[in-house]
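Below are the chains, spelled out letter by letter.
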Amino acid sequence: MASRAQRMPKSLRIASSLFVLFWFILAAFPFAWTVWGSFKVELDFFSIADWTNAITGERTQAVYGSSFTDTGYAGAWIQEEFWRNVLNTGIVCFFVVTISLTIGTLGGYALSRSTYNYTFWLLITALIFRAMPPITLVAGYLLPFFEWNVWGILPTTIIVLVAINQPFTLWMLHSFFKNIPSELDESAKVDGCNQFQAFRRVIIPVMWPGVITTGLFSFLLAYNDFAVGAMLLSESNRTMVPAIAAFLGTTQTEGNVMFAVAAVVSATVPLFILVMFFQRQIVGGLTAGAVKG
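Since this is a predicted model, take the numbers as computed values, not measurements. (Residues numbered from 1 in each chain as written. Predicted model: local features only at pLDDT ≥ 70, side-chain atom pairs only at ≥ 80, totals over all residues. Heavy atoms only, no water.)

### Here's the deal with the overall build of the protein chain
When helices and strands are counted, the protein chain shows 16 helices and 0 strands. Since a compact globule built from 293 residues should have a radius of gyration of about 19 Å, the 24 Å found for the protein chain marks it as more spread out than a globular shape. Considering only residue pairs separated by 6 or more positions, the protein chain has 72% of its internal contacts joining residues 24 or more positions apart. Put simply, the protein chain has 16 plus and 15 minus side-chain charges, and the middle of one group is 19 Å from the middle of the other. (Helix = DSSP H or I, 4+ residues; strand = E, 2+ residues; numbered from the N terminus. Rg over C-alpha atoms; globule rule 2.2 N^0.38 Å. Contact = heavy atoms within 4.5 Å. Lys, Arg positive; Asp, Glu negative; His and termini not counted. Charge placed at Lys NZ, Arg CZ, Asp CG, Glu CD.)

### Some remarks on the side chain of D225
Inspection of the secondary structure assignment puts D225 in the loop between α12 (195–223) and α13 (227–232). You can call D225 buried: its relative accessible area is 10%. In this structure the side chain of D225 is engaged in a polar contact, spanning 2.8 Å, whose partner is the backbone nitrogen of G229. Leaving out residues up to four positions away in the same chain, D225 has contacts with L161, V241 and P242. (Buried < 20%, exposed > 50% of the residue type's maximum accessible area, 1.4 Å probe, protein only. Polar contact = N/O pair within 3.5 Å; in protein donor to acceptor, adjacent residues only side chain to side chain.)

### Section: the packing of helix α9 (residues 134–147) against helix α10 (residues 154–178)
One can describe the packing of α9 onto α10 by two numbers: an axis separation of 11 Å at closest approach and a directional angle of 145°. α10 is crossed by α9, and the crossing has right-handed handedness. Where α9 abuts α10, its residues P134, L137, V138, Y141 and F145 lie against T156, V160, A163 and I164. Of the residues in the contact of α9 with α10, the class split is 8 nonpolar, 1 polar and no charged. (Axes fitted to C-alpha atoms, helices over the stretch in contact; angles between N-to-C directions. Left-handed = near helix turned anticlockwise from the far one by under 90°. Nonpolar A, V, L, I, M, F, W, Y, C, P; charged D, E, K, R; others polar.)

### Some points on the domain arrangement of the protein chain
Assigned domains of the protein chain: these are domain 1 (35–69) and domain 2 (83–292). Computed over C-alpha atoms, the centres of domain 1 and domain 2 are 39 Å apart. Each partner contributes to the interface: domain 1 provides 8 residues, whereas domain 2 provides 5 residues. Between domain 1 and domain 2 lies a buried interface of about 500 Å² when both sides are counted; carbon and sulfur atoms form 81% of it. Across the contact surface, domain 1 and domain 2 share 0 salt bridges. The residue makeup of the side of domain 1 that touches domain 2, split by class, is 4 nonpolar, 2 polar and 2 charged. (Domains from an automatic or database assignment. Buried area = accessible area lost by both parts, 1.4 Å probe. Salt bridge = Lys/Arg side-chain N within 4 Å of Asp/Glu carboxyl O.)

### Some remarks on the UniProt feature "transmembrane region" (unreviewed entry) in the protein chain
UniProt feature "transmembrane region" (unreviewed entry): in the numbering of this structure it lies at residues 12–36, 89–111, 118–142, 148–173, 202–223 and 257–278. Helix makes up 100% of residues 12–36 and strand 0%, whereas the separation of the span's terminal C-alpha atoms amounts to 34 Å. This span, residues 118–142, is 92% helix and 0% strand, and a straight line between its end C-alpha atoms measures 31 Å. (UniProt positions renumbered as here; feature names shortened; annotations may be inferred.)

### A short note on the nonpolar core
Ranked by internal contacts, the top residues of the largest apolar core, which has 43 residues, are F82, F177 and M207. When residues of this core are traced back to their parent elements, those giving at least two are α7 (82–113), α9, α10, α12, α13, α14 (240–247) and α15 (257–277). For this core, the leading source of residues is α10, giving 10 residues. Residue contacts for M207: discarding those within four places in its chain leaves L173, F176, F177 and I180. (Core = buried A, V, L, I, M, F, W, Y, C linked by side-chain atoms within 4.5 Å.)

### Topic: the environment of Q79
One can find Q79 in helix α6 (residues 71–79). Q79 sits 180 residues away from F259 along the chain, and the two C-alpha atoms are 9.6 Å apart. Ignoring anything within four residues of it in the chain, the contact list for Q79 reads A74 and F259.

### As for the pattern of salt bridges
Throughout the structure, instances matching the rule amount to 2 salt bridges. Between R84 and E81 there is a salt bridge, with the nearest N and O atoms lying 2.9 Å from each other. Here R84 falls in the partly exposed class, since its relative accessible area comes to 40%.

### With respect to unusual backbone geometry
Backbone geometry places E81, a non-glycine residue, at a positive phi of 55°. Relative to the elements of secondary structure, E81 occurs in the loop between α6 and α7. Its identity is not glycine, yet N149 carries a phi of approximately 60°, on the positive side. Within the fold, N149 resides in the loop between α9 and α10. A relative accessible area of 71% means that N149 is categorised as exposed.

### Observations concerning the environment of V96
Mapped onto the elements, V96 comes out in helix α7. For V96, a relative accessible area of 0% translates into the label buried. The spatial distance from the C-alpha of V96 to the C-alpha of L127 is 19 Å, given a sequence separation of 31 residues. Those residues in contact with V96, other than ones at most four positions away along the chain, are I158, L161, V162, S218 and A222.

This is the structure:
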């Protein structure tokens, strides 16, 4: 039997293929162009006189004897020690995801099984806090952090990111738990499990697609964070995104744009690989959570 795509008119198949190709080029071009430019010097990649210098690498050839150079990567990773920012980001992401999922799974499960009327209002309150701009929440933490002399360190940033992210994890996981029949809990209790054992041994294995999906979104929040890290972290404890912004410089300090370009590529490639690797879990988890809740 012919597939649905094969039954489509040839003109429609060609038009659909061209549209997908156009969309792919449009989406991939900025990143591909940035990767290409990261191996050039600034006068080539940001040439105003002749944009083709970004392709040919004329000035890069004149300076380094080759059309490509890894000076930007060496400057970012070695000279500016970007690896420290990568390590800080990894620490922040690990603890944000771990804490958010731990509280989110327990809270989401409890709310999904609760028969009290205040459950709805708790979720609405969480949604309101999630809708607020993160910068407004960060400002409220600054004064106590300064008074307690805990500003500029990673644990305070982790606390704030968990607070910002927790309403989202509660909503997501509550939706997933609502799709799991409560009869599974009752069956586990009949077999001798208490409430927590039923949750750990029966519900969580069924919930893995939802947990992975929520964990990935929590990871992306911490990985891509700028506002919280820029306001709460000292220069020595910066995560990747604030560090990349610092490479660009300010009106008072001169930056190095090519260090920033190389750092952007370094930060984006692992993220791209991660999303591609977990794409099935993301789609499956979102689909499972969208059925009901």
